[in-house]
Amino acid sequence: MTVSGDEAATGNAGRDETQEEGADRKWSELIQEIRVAQTGVQILFGFLLTVVFTPRYGQLAQLDKAIYIVTVVLGAAATGALIGPVALHRIVSGRRVKPQAVRWASRLTFVGLVLLLATMTASLLLILRVATHDVYVPWLVAGVVAWYLFCWFVLPMWVRYRYTSD
């Protein structure tokens, strides 16, 4: 099967759909993906906001307080990026720009996932530092980050490379 230039440009190779139908399908898929990440980041961010109001917060070392502040800012940024596609859709809905909206929403989602990775890394670092004070904490965090990178980026990119035909 050959792919026409128009199909390749719209990403509809192998599908019998218009550019608008493809954008609708991609939007639905993207929203389903965002729901999972969005819920997780909102719960994590909500939890992070409460930490500063606990009695133990005042006893944290300055480095741990700095890690906490960075973690909260990263969580806020991740929340914004993962909720951004909803606002984008609401604002441009009915303007006949769905293919462009899907591209921008996809980019926001990717940025949100990277920020979520950073938030989870910083959260894990803070929690393990406070819980154990052991020298192996950075190694544990590095191992978990490596796992996230594998699951979220390496494996999907390998599948994309391995199974995408020209």
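Structural data are supplied above this passage.
For the structure given in this document, a descriptive report is provided here. Everything quoted here is computed from the prediction, not taken from an experiment.

Here the largest pocket is characterised by a volume of approximately 890 Å³. Taken together, 17 residues line the largest pocket, and the ones lying closest to its centre are L30, E33, S106, F110 and R160. Take the lining of the largest pocket: its biggest share by element is six residues, from helix α2 (residues 19-51). Its residues placed into classes, the lining of the largest pocket shows ten nonpolar, three polar and four charged.

Judged by side-chain polarity, W147, L149, F150, V154, L155, W158, V159 and Y163 come together as a nonpolar surface patch covering roughly 800 Å² of accessible area. Turning to its location among the elements, F150 is positioned in helix α5 (residues 137-163). What makes F150 partly exposed here is its relative accessible area of 37%.

A few words now on the side chain of T79. Its location among the elements puts T79 in helix α3 (residues 62-92). Accessibility expressed as a relative area gives 13% for T79, which makes it buried. Not counting residues within four places of it along the chain, the set of residues in contact with T79 comprises V41, Q42 and F45.

Quick notes on the rules
Residues numbered from 1 in each chain as written. Predicted model: local features only at pLDDT ≥ 70, side-chain atom pairs only at ≥ 80, totals over all residues. Heavy atoms only, no water. 1 Å grid on protein atoms, 1.4 Å probe; cavity = no way out; pocket = protein on both sides within 12 Å on 5 of 7 lines; lining within 4 Å. Points joined across faces, edges and corners; volume = space filled by probe spheres on them. Helix = DSSP H or I, 4+ residues; strand = E, 2+ residues; numbered from the N terminus. Nonpolar A, V, L, I, M, F, W, Y, C, P; charged D, E, K, R; others polar. Patch = residues over 30% accessible without salt bridge, like charges linked within 9 Å, V, L, I, M, F, W, Y side chains within 5 Å. Areas by Shrake-Rupley, 256 points an atom, 1.4 Å probe, with all protein chains shown as cover. Salt bridge = Lys/Arg side-chain N within 4 Å of Asp/Glu carboxyl O. Buried < 20%, exposed > 50% of the residue type's maximum accessible area, 1.4 Å probe, protein only. Contact = heavy atoms within 4.5 Å.

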